[in-house]
Amino acid sequence: MCHFTQRSPTFSFPKICNIFWRFHHTSRSHLCSCSKTISDEKYQDPFQLGRKDLKNLYEDIKKELLVSAAELKEMCDYYFDGKGKAFRPMIVVLMARACNIHHNNSKEVQASQRSVAIIAEMIHTASLVHDDVIDDANSRRGKRTLNQIWGERKAVLAGDFILSAASVALARIGNTTIISVLTQVIEDLVRGEFLQLGSKENENERFAHYLEKTFKKTASLIANSCKAVSILGCPDPKVHEIAYQYGKNVGIAFQLIDDVLDFTSCADHLGKPTAADLKLGLATGPVLFACRQFPEMNAMIMRRFSKPGDVERARKYVLQSDGVQQTTYLAQRYCHAATREIRKLRPSPEREALVHLTEMVLMRDK
């Protein structure tokens, strides 16, 4: 269906459309066939299993952000309020345990592996702060954005400071390989943002462009964080690749569902405005799939939905098409790929929790 190298994913849009077109009338009950892989296994709640290793996570992050300036401290602490699900750190500590058990049956997370979880959350949050400035966003996680409260300039500096603190924590691990793996994330975030500013006229190139952007802006952090903890816990390069591929596939699926929710979830439930991507001129998966049924959307995509009424018309076309459903099926395929990868590790509660996590990604509603 598709193939991803570490740096440059490639994707054939017409091929994918043909694969998923036959699912157009399939019921929701058949959406997540990965649930069948869970039914015969002992249920493992990822958040319950990861809770022990994530205890005091946000307090530890705030220690990394130790700063004397009261205003900067308040800004840096704003999103580290402990109300988030800590999705990325949770994946990282579960992967760490799964790889440790696979290697030598060690059931403890190393201090350096937990540090990677902390660093991942810091990098992610810094990227959100910067994204909100670029997008001139008003709300995030159900509350006003930093740029709305303190202004764009101070918000950029706060994001920079969080990123610099993450870099200091990364250097403290003292492993040049880990530094190389995680600094790749920062490079990918920047490159992904530049990709988001561009567009492609050709339909096939447009979807490849979209998925490459998705990988760099979202999946790279999860993939490389998983790879980093596998390197710290196991010397086998095959395990490193398993961890990377699992994180990559889950990360892409996560963003695909996020793009679906932009059309299907209400703003209050999502914690940010809906149709936000259209208003920013972005053509995500649901739009690109809908464009096959409504070719008149091509012109709107190329002008980035800039004419009056474009956003409303595009949203209407997406909801009239099977774009949402096709994007969801595509996310399902990525989750199946992630499941196939993680099942290559020795059985463990953490491995099964990571399998179950793929189902949670597909079924989430915010």
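Residues numbered from 1 in each chain as written. Predicted model: local features only at pLDDT ≥ 70, side-chain atom pairs only at ≥ 80, totals over all residues. Heavy atoms only, no water.

As recorded by an unreviewed UniProt entry, the protein chain carries the name All trans-polyprenyl-diphosphate synthase PDSS1 and is attributed to Dicrurus megarhynchus. The protein chain has a UniProt comment under Subcellular location (unreviewed entry) that states "Mitochondrion". Recorded in UniProt for the protein chain, the comment headed Sequence similarities (unreviewed entry) runs: "Belongs to the FPP/GGPP synthase family." (UniProt positions renumbered as here; feature names shortened; annotations may be inferred.)

Asks: What am I meant to see in the overall build of the protein chain here?
Replies: Along the protein chain, the regular secondary structure elements total 19 helices and four strands. Sorting the 366 residues of the protein chain into buried and exposed places 56% on the buried side. In the protein chain, the proportion of contacts linking residues at least 24 apart, taken out of those at least 6 apart, comes to 75%. When the accessible surface of the protein chain is summed, it comes to about 16,000 Å², and 52% of that surface belongs to carbon and sulfur atoms. (Helix = DSSP H or I, 4+ residues; strand = E, 2+ residues; numbered from the N terminus. Buried < 20%, exposed > 50% of the residue type's maximum accessible area, 1.4 Å probe, protein only. Contact = heavy atoms within 4.5 Å. Areas by Shrake-Rupley, 256 points an atom, 1.4 Å probe, with all protein chains shown as cover.)

Asks: I keep staring at empty space enclosed by the protein and nothing clicks. Help me out?
Replies: If you walk through the whole model with that rule in mind, you get one cavity of 30 Å³ or more. Taken as a whole, the largest cavity encloses approximately 170 Å³ of empty space. G198, S199, H209, L282 and A283 are the residues nearest the centre of the largest cavity, which is lined by 14 residues in total. Sorting the residues of the lining of the largest cavity by element identifies helix 10 (176-197) and helix 11 (203-233) as the ones contributing at least two each. Among the elements that make up the lining of the largest cavity, the one with the highest residue count is helix 11 (four residues). (1 Å grid on protein atoms, 1.4 Å probe; cavity = no way out; pocket = protein on both sides within 12 Å on 5 of 7 lines; lining within 4 Å. Points joined across faces, edges and corners; volume = space filled by probe spheres on them.)

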